Amino acid sequence: MLKNKKNRREFIKKIGLGISAITLSTGTGLLNCAKSMKKSPNIVIVLTDDQGYGDLSCHGNPVLKTPNLDKLHEESIRFTDFHVASMCTPSRGQIMTGVDALRNGATCVSRGRSLIRPGIPTIADVFSENGYSTGLFGKWHLGDNYPYRPQDRGFQNTVYHPAWGITSIPDYWTNDYFSDKYIHNDVLEDFEGYCTDVWFDEAMKWMKEQHKRNIPFFVYLPTNAPHSPHWVAEKYSKPYADYPKEKNFFGMISNIDENMGRLHKMLKETGLEDNTILIFMTDNGTKLGHKVFNAGMRGHKTELYDGGHRVPFFIRWPKGNLGTPRDIHELTQGQDIFPTLMELSNINPQKPIEMDGISLAGILNDKQTSLSERILVVQYDYHVSGPTGKWESTVMWNKWRLVLGKELYNIESDPGQKNNVFSKHPDVVKKMSDHYEKWWSEVEPLRNDLCAISIGSEKENPVNLTSCDWDGEYADNFWQLQGGKNGLWNIFVEKSGEYEFTLRRWPKEADVTISGSARKEQFNTQGKALPIVSARIKIADIDQSCPVTKDDKAVTFTMKLKSGKTKLKTWFLDDQGKDLCGAYYVSVKKYEFKRI
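Definitions and limits used
Residues numbered from 1 in each chain as written. Predicted model: local features only at pLDDT ≥ 70, side-chain atom pairs only at ≥ 80, totals over all residues. Heavy atoms only, no water. Pairing = 2+ DSSP bridges. Helix = DSSP H or I, 4+ residues; strand = E, 2+ residues; numbered from the N terminus. Axes fitted to C-alpha atoms, helices over the stretch in contact; angles between N-to-C directions. Core = buried A, V, L, I, M, F, W, Y, C linked by side-chain atoms within 4.5 Å. Buried < 20%, exposed > 50% of the residue type's maximum accessible area, 1.4 Å probe, protein only. Contact = heavy atoms within 4.5 Å. Phe/Tyr/Trp six-rings, centres within 6.5 Å; stacked < 30°, edge-to-face > 60°. Lys NZ or Arg CZ within 6 Å of the ring centre and 35° of its normal.

Considerations on the sheet that holds strand β13 (residues 375-378)
Phase 1: Judged by pairing direction, the sheet is antiparallel, and its four strands sit side by side in the order β13-β14-β15-β16 without closing on themselves. Either end of the sheet is taken by a strand with one partner, and the two such strands are β13 and β16 (407-410). Ignoring which end each strand starts from, the neighbouring axes of this sheet average 20° apart.

Okay, here's the thing in structure tokens:
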């Protein structure tokens with residue numbers, strides 16, 4: 001953690017300003033990487049979505065069968081008390097930066113709070129700067145526009161879908177998990193096959209290419225499965241027919257397991273296995289599996305009890321001298337991955353990096369045996385209406401859990417967190433509360449300092465904004481396109497000049513009028529028509545309106561803007577001037593640049 005008060009203040013100040021480098025000592029997270037001449041290890045991180053600790057047969061699930069993951073479990077070092085946030089974006093930002101969500105900015109799945117602050121280096125930044133090829137295949141969910149896309153944050157090769165998942169508002173309108181369009185290095189391309197198969201296919205193909213080039217690789221393979229919608233081929237769900245609510249969820253995990261078997265086979269056949277660090281983990285607690293089996297825990301995705309944020313974490317490196325496969329019971333977290341992999345890979349960053357995570361290399365190598373004084377905080381933004389407040393968190397110390405600042409559990413004697421012993425252990429409560437008070441004093445000044453999306457940059461022109469990034473408004477699902485939703489974007493105008501804004505209610509590929517009704521075939525649902533007759537846009541001190549005819553699929557505004565940070569808001573109005581909804585899709589083009 002950030003123990004030096006002066007360093008903490010400087011860190012908050014610097015990341016709040018979004019500078020391009022963090023140049024502070026890392027305190028207990030200072031990396032002391034040993035010098036070594038051995039070949040750099042390859043790294044593969046597989047992160048699944050909404051699969052919980054109990055959604056594995058090796059963890060005791062009596063229904064679900066995961067033979068390939070069970071085999072990896074047997075061959076790995078397993079951290080049994082490993083924690084992330086209770087929802088996807090915060091977990092992903094913490095893994096990528098080693099920094100707590102409330103510090104790095106990626107605190108929520110949407111509402112303008114899913115972006116990592118500019119200036120905070122990612123694990124991909126550091127590995128690419130140190131001779132690695134870096135690739136992402138699957139779900140990013142840390143920004144769809146410059147400078148927050150994976151290709152802006154250190155990944156050299158990317159194949160991914162936007163936002164939270166397939167069928168989200170920014171996703172291609174007809175995508176349905178099977179033979180969809182995904183973004184490949186800035187270009188929307190067609191891919192054949194089921195989504196999870198595509199991520200693994202593309203990742204394995206790319207790994208083999210890097211192997212031929214004799215270049216070490218860092219692969220981040222975050223699947224969108226088994227997140228909803230729960231769609232999968234019947235052959236995977238059929239074995240779970242006795243569980244109608246969970247059968248597709250379990251089927252999606254079975255498909256992941258099959259792909260893990262394919263990955264293992266490829267690593268072995270290519271000779272990559274021995275010098276590849278392979279990590280398997282999940283991004284939060286289970287979404288559906290807890291109704292069948294939850295490994296004795298209370299809670300699930302989005303909740304602050306262990307079932308919401310305790311996840312599997314397996315790490316295997318056959319020639320890494322990590323010792324025999326075993327369980328490690330120390331309290332650990334997703335923020336530890338970045339510093340751990342740097343030390344295991346003998347990487348010294350060009351500048352010291354301030355992190356909340358610590359390297360677990362000493363634990364893995366049996367050079368360190370205990371993290372008994374470590375205290376961690378799980379907190380992220382899960383409210384639809386706004387950011388979480390003080391004490392909307394879980395504080396963890398050894399086997400103690402302080403939930404919401406008023407519930408205390410000892411999970412060693414009470415793994416189901418049924419018995420609140422808050423009043424019986426005042427000394428424990430005080431120690432954990434004091435830690436949280438200090439932590440909150442550091443992050444609270446950043447709570448409403450939101451990241452801004454750039455327009456007018458050569459890196460992305462035009463910029464296609466969607467309602468997923470509306471500040472303060474939750475609108476990233478198809479059903480929210482029905483009207484009644486509006487919000488604003490935080491914008492940074494990179495360069496002064498003339499800009500064109502094209503407003504749409506439906507995505508361009510849907511080919512539907514602004515006031516019309518679009519059909520979403522994947523859900524067998526018809527959208528709602530709205531009596532829209534005019535549109536309005538406001539950015540900086542400019543406020544313009546124009547009529548909308550029944551045949552208009554989009555309306556366009558042109559204006560001159562000055563560089564700097566500002567806010568953008570749009571409206572679609574009826575004949576009485578009532579706000580029916582905002583433009584869910586806005587394309588912004590700076591005339592000076594050629595369209596990319």
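Quick word on the nonpolar core
Phase 1: Counting 49 residues, the largest nonpolar core has F79, F218 and L341 as the members making the most contacts within it.
Phase 2: Setting aside residues no more than four positions away along its own chain, L341 makes contact with I43, I45, I123, F127, F218, I277 and I279.
Phase 3: Residues Y148, V548, L580 and V586 belong to the second largest nonpolar core, which totals 45 residues.

What to know about the sheet that holds strand β20 (residues 497-504)
Phase 1: Read from one edge to the other, the open sheet built from four strands follows the order β18-β28-β20-β25, with strand pairing classed as antiparallel. Every other strand in the sheet has two partners, leaving β18 (463-466) and β25 (555-561) as the edge strands with one partner each. Strand-to-strand, the axes of this sheet are offset by a mean angle of 25°, without reference to chain direction.
Phase 2: Bridging between β20 and β25 involves seven bridges; their strand directions are antiparallel. Note that in β25 the partner of F501 across the bridge is F557.

A short note on the packing of aromatic side chains
Phase 1: Inspection of every chain in the model, using the stated rule, returns 28 aromatic pairs.
Phase 2: Between W140 and F155 the ring centres are 5.8 Å apart and the planes differ by 80°, which places this aromatic pair in the edge-to-face class. Of this pair, W140 sits in the loop between β4 (133-139) and β5 (157-161) while F155 sits in the loop between β4 and β5, and the two are 15 residues apart along the sequence.
Phase 3: Aromatic pair F178 and Y194: ring centres 5.1 Å apart, planes at 45°, arrangement tilted. One end of the pair, F178, is in the loop between β5 and β6 (181-184); the other, Y194, is in the loop between β7 (187-190) and α6 (195-212), with 16 residues separating them in the sequence.
Phase 4: By relative accessible area, which is 35% here, F178 ends up partly exposed.
Phase 5: By relative accessible area, which is 6% here, Y194 ends up buried.
Phase 6: Linked through ring pairs, W173, Y177, F178, Y194, W231, F478, W506 and F523 together constitute an aromatic cluster.
Phase 7: Above the plane of the ring of Y305 lies R298, whose end atom (NZ or CZ) is 3.7 Å from the centre.

Considering unusual backbone geometry
Phase 1: In this model, Y146 is joined to P147 through a cis peptide bond whose omega is 5°.
Phase 2: Structurally, P147 is set in the loop between β4 and β5.
Phase 3: The peptide bond linking A225 to P226 adopts the cis configuration, its omega dihedral lying at 0°.
Phase 4: Position of P226 relative to the elements: it lies in the loop between β8 (217-222) and α7 (234-237).
Phase 5: The phi dihedral of T302 falls on the positive side, at around 80°, and the residue is not glycine.
Phase 6: Note that T302 resides in the loop between β9 (276-282) and α9 (306-309).
Phase 7: Looking at T302, the relative accessible area reads 29%, which means it is partly exposed.

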